[in-house]
Amino acid sequence: MSASFIETKYDGITVARPSLRNGGNSNFIYSVGDRRSLFLKYIERKSTMASRGFDVYKFIDEDNNRFICFSDSVAFDDKEIEIGSCYIMNATIKRHAKDTYSGDEDNHINRVKVLRDLGKKENK
């Protein structure tokens, strides 16, 4: 089941954002095959380069929905993206899967293209 979303404009880009707050649990969001502009925070990277030839990139949206990308690189302006930073990126929802360990619902994305680097939220 897909969570609902709204589309808003950010710097001329129509961005899909969650419209319902689910209390912190990750949900399947959007439909498989949808290509969307997403507002995501990059939270973790696990390397499997030696054994499998790709890295696992993990992102969350504003409602803690988890997004996973398997790639050899995710970059913006030829620089690797930075953990803790927020980005607007185009991505295709490849599949939905439950995390084996946590049971969270993960949204697997591919064909990722970073459109904007929004930086890190500063604590004030």
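Residues numbered from 1 in each chain as written. Predicted model: local features only at pLDDT ≥ 70, side-chain atom pairs only at ≥ 80, totals over all residues. Heavy atoms only, no water.

1. Focus: the nonpolar core
Okay, so step 1: Ranked by size, the top nonpolar core spans 18 residues in total, and within it Tyr30, Leu38, Leu40, Phe59, Phe67, Ile81 and Ile109 carry the most contacts.
Okay, so step 2: Aside from chain neighbours lying at most four places away, what touches phenylalanine 59 is Leu40, Lys41, Tyr42, Ile43, Asn65, Arg66, Phe67, Cys69, Ile81, Met89 and Ile109.
Okay, so step 3: Core analysis: the next-biggest nonpolar cluster, separate from the first, contains six residues, Ile13, Val15, Cys86 and Ile88 among them. (Core = buried A, V, L, I, M, F, W, Y, C linked by side-chain atoms within 4.5 Å. Buried < 20%, exposed > 50% of the residue type's maximum accessible area, 1.4 Å probe, protein only. Contact = heavy atoms within 4.5 Å.)

2. Re unusual backbone geometry
Okay, so step 1: Its identity is not glycine, yet aspartate 78 carries a phi of approximately 65°, on the positive side.
Okay, so step 2: By the secondary structure assignment, aspartate 78 is in the loop between β6 (75–76) and β7 (79–80).
Okay, so step 3: Overall, the relative accessible area of 81% leaves aspartate 78 in the exposed class.
Okay, so step 4: Located in the positive-phi region is arginine 111, a residue other than glycine, with phi close to 50°. (Helix = DSSP H or I, 4+ residues; strand = E, 2+ residues; numbered from the N terminus.)

As far as function goes, none of this settles anything; it's purely spatial.
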